[in-house]
Amino acid sequence: MPTLGEFIERVRAKFGVTQKHTPTLTEGPLGPIRFYYLQREKGTPFQVLPNLRNDARLERKTVIDWCDLFGIPIDEFGLTDADR
């Protein structure tokens, strides 16, 4: 399975999914607190990103769910319908 960073890079480059963030919600001890999310086009469904490092490996179910949400074929990540 891809890492979070690999997933973001591939869907950005091939499918136009972009990483965005909300305006600053509040200030925390480490700086601004925002939610980061992926979205294909404005006004379409989005996925709030988990609080993971970019080198964290995603779970198979997460990759399948996100691909389904954005209309990306799961075989892009070496998965088949048998993996569902």
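Quick notes on the rules
- Residues numbered from 1 in each chain as written.
- Predicted model: local features only at pLDDT ≥ 70, side-chain atom pairs only at ≥ 80, totals over all residues.
- Heavy atoms only, no water.
- Core = buried A, V, L, I, M, F, W, Y, C linked by side-chain atoms within 4.5 Å.
- Buried < 20%, exposed > 50% of the residue type's maximum accessible area, 1.4 Å probe, protein only.
- Helix = DSSP H or I, 4+ residues; strand = E, 2+ residues; numbered from the N terminus.
- Contact = heavy atoms within 4.5 Å.
- Salt bridge = Lys/Arg side-chain N within 4 Å of Asp/Glu carboxyl O.
- Phe/Tyr/Trp six-rings, centres within 6.5 Å; stacked < 30°, edge-to-face > 60°.

(A) Here's a closer look at the nonpolar core. In terms of nonpolar packing, the biggest core is built from 18 residues, with Phe7, Leu38 and Ile72 touching the most fellow members. Of all the secondary-structure elements, those providing two or more residues to this core are α1 (4–15) and α2 (60–70). If we ignore the near neighbours within four places in the chain, the residues touching Leu38 are Phe7, Ile8, Val17, Thr18, Gln19, Pro45, Phe46, Gln47, Leu49, Trp66 and Phe70.

(B) Region of interest: the pattern of salt bridges. Tallied over the full model, the rule gives eight salt bridges. Notably, a salt bridge pairs Asp83 with Arg60, separated by 3.2 Å at the nearest N-O pair. Placement of the pair is Asp83 in the segment after α2 and Arg60 in helix α2, with a sequence separation of 23 residues. Connected through shared salt-bridge partners, Asp68, Asp81 and Arg84 make up one network.

(C) Spatial organisation of the packing of aromatic side chains. The final tally for this structure, using the stated rule, is three aromatic pairs. Note on Phe7 and Phe77: the rings are 4.9 Å apart at their centroids and 20° apart in plane angle, and the pair reads as stacked. Taken together, the residues Phe7 in helix α1 and Phe77 in the segment after α2 connect sequence positions 70 residues apart. Looking at Phe77, the relative accessible area reads 9%, which means it is buried. Put simply, the rings of Phe7, Trp66 and Phe77 touch in pairs and so form one group of aromatic residues.

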